[in-house]
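Chain by chain, the residues:
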Amino acid sequence: MYLIVKRKNIFIAIVALLSLTSCHSHYNLTNVERSRVLIDSRYDLLPLDEDVETFISPYKEKVDSIMSPVVGRAAKYMAAERPESPLSNLLADILVWSGKDYNEQPIFGVYNMGGMRAAFAPGDITVGDVLEVAPFENKICFVTLSGDKVLELFNQIALIGGEAISHGVELVIDKDKNLLSAKINGEEIDPQKDYRIATIDYVAQGNDMMEAFKASQDINSPQSEDNNIRYVIEKYIREKASEDQMIDATVEGRIKILEE
């Protein structure tokens, strides 16, 4: 928290400086850079300013009561990585799994790698852990694409270098990111057939370079808060815990990149 307050003060100082210099035309913005700073348990060892600690104390208790409950357990460390990874496989499979709660039977699922902002560590998973993995207000979404648009989608995924796709999808890509083959449950894609897909509303809008989704039809995207994807993920983890199971996923070869 101290670091956040300090950074906020630095930001205010920068804004003030810019406001003082903005009338001078010889100042020009030449570059913008950003980086991600990992805030983890290392910072728990830093002493808090007494005034800051007093200020955040009532809020900390409330936040901890919401974020600390354990919803399940992870069998191993799972992070997102292209072209395929345990976490990306897990979340894409959860999309398909969720269909039963929406009277849907999706053939496959697509989750964007950019929407996965943390990893699951082995052991207990808390509500806060799920929020860190899926922090955005994205909602579950089901759409229909024709087979030719599915092939277009898979070509776009190949150009990106891989996205999260569910079990049963098999993509083969060459080293130049060209799609060589695509199958679903062992079958070639039929350009004339319609395919029901589970995804999130952000992806269904054609974002993250998956523009084929702009041709989506028969869209089912409930927008109430309880349909937020993190609640869907949390429900899956809780269900596994009720069956005395830990969540787990492996790299299966859903996306293969040929080096030659």
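Since this is a predicted model, take the numbers as computed values, not measurements. (Residues numbered from 1 in each chain as written. Predicted model: local features only at pLDDT ≥ 70, side-chain atom pairs only at ≥ 80, totals over all residues. Heavy atoms only, no water.)

### With respect to the pattern of salt bridges
- Across all of its chains, the model carries 14 salt bridges by this definition.
- With a shortest N-O distance of 3.7 Å, Asp-218 and Arg-196 are connected by a salt bridge. In this pair, Asp-218 sits in strand S10 (residues 217–220) while Arg-196 sits in strand S9 (residues 194–200), placing the two residues 22 residues apart along the sequence.
- Residue Asp-218 is classed as exposed on the basis of its relative accessible area of 58%.
- Beyond isolated ion pairs, a larger network of salt bridges with shared partners links Lys-100, Asp-101, Lys-235 and Glu-239. (Salt bridge = Lys/Arg side-chain N within 4 Å of Asp/Glu carboxyl O. Helix = DSSP H or I, 4+ residues; strand = E, 2+ residues; numbered from the N terminus. Buried < 20%, exposed > 50% of the residue type's maximum accessible area, 1.4 Å probe, protein only.)

### Some thoughts on the pairing of strand S2 (residues 108–111)
- Alternating positions in S2 separate into two faces, Phe-108 and Val-110 on one and Gly-109 and Tyr-111 on the other, with burial throughout.
- By the bridge criterion, 2 bridges tie S2 to S9 in an arrangement that is parallel. When the bridges of S9 are listed, Gly-109 appears paired with Ala-198.
- One ladder, built from 2 bridges, connects S2 with strand S5 (residues 164–165); its direction is antiparallel. Looking at the pairing, Tyr-111 lines up with Ala-164 of S5. (Pairing = 2+ DSSP bridges.)

### Notes on the sheet that holds S5
- Across the sheet, which stays open at both edges, the 5 strands sit in the order S5-S2-S9-S4-S10 with mixed pairing between neighbours. Pairing within the sheet leaves two strands with one partner each, and these edge strands are S5 and S10.
- Its contacts with the sheet place helix H5 (residues 147–160) against S2, strand S4 (140–146), S5 and S9, and it is angled at close to 115 degrees to S4. (Contact = heavy atoms within 4.5 Å. Axes fitted to C-alpha atoms, helices over the stretch in contact; angles between N-to-C directions.)

### Some points on the side chain of Arg-196
- For Arg-196, a relative accessible area of 13% corresponds to the buried category.
- Polar side-chain contacts of Arg-196 include one of 2.6 Å to the backbone oxygen of Asp-218.
- In this structure, Arg-196 is in contact with Glu-104, Gln-105, Pro-106, Ile-107, Phe-108, Phe-142, Val-143, Thr-144, Gln-217, Asp-218 and Asn-220, ignoring residues within four places of it in sequence. (Polar contact = N/O pair within 3.5 Å; in protein donor to acceptor, adjacent residues only side chain to side chain.)

Limitation: the analysis is restricted to geometry and does not speak to function.
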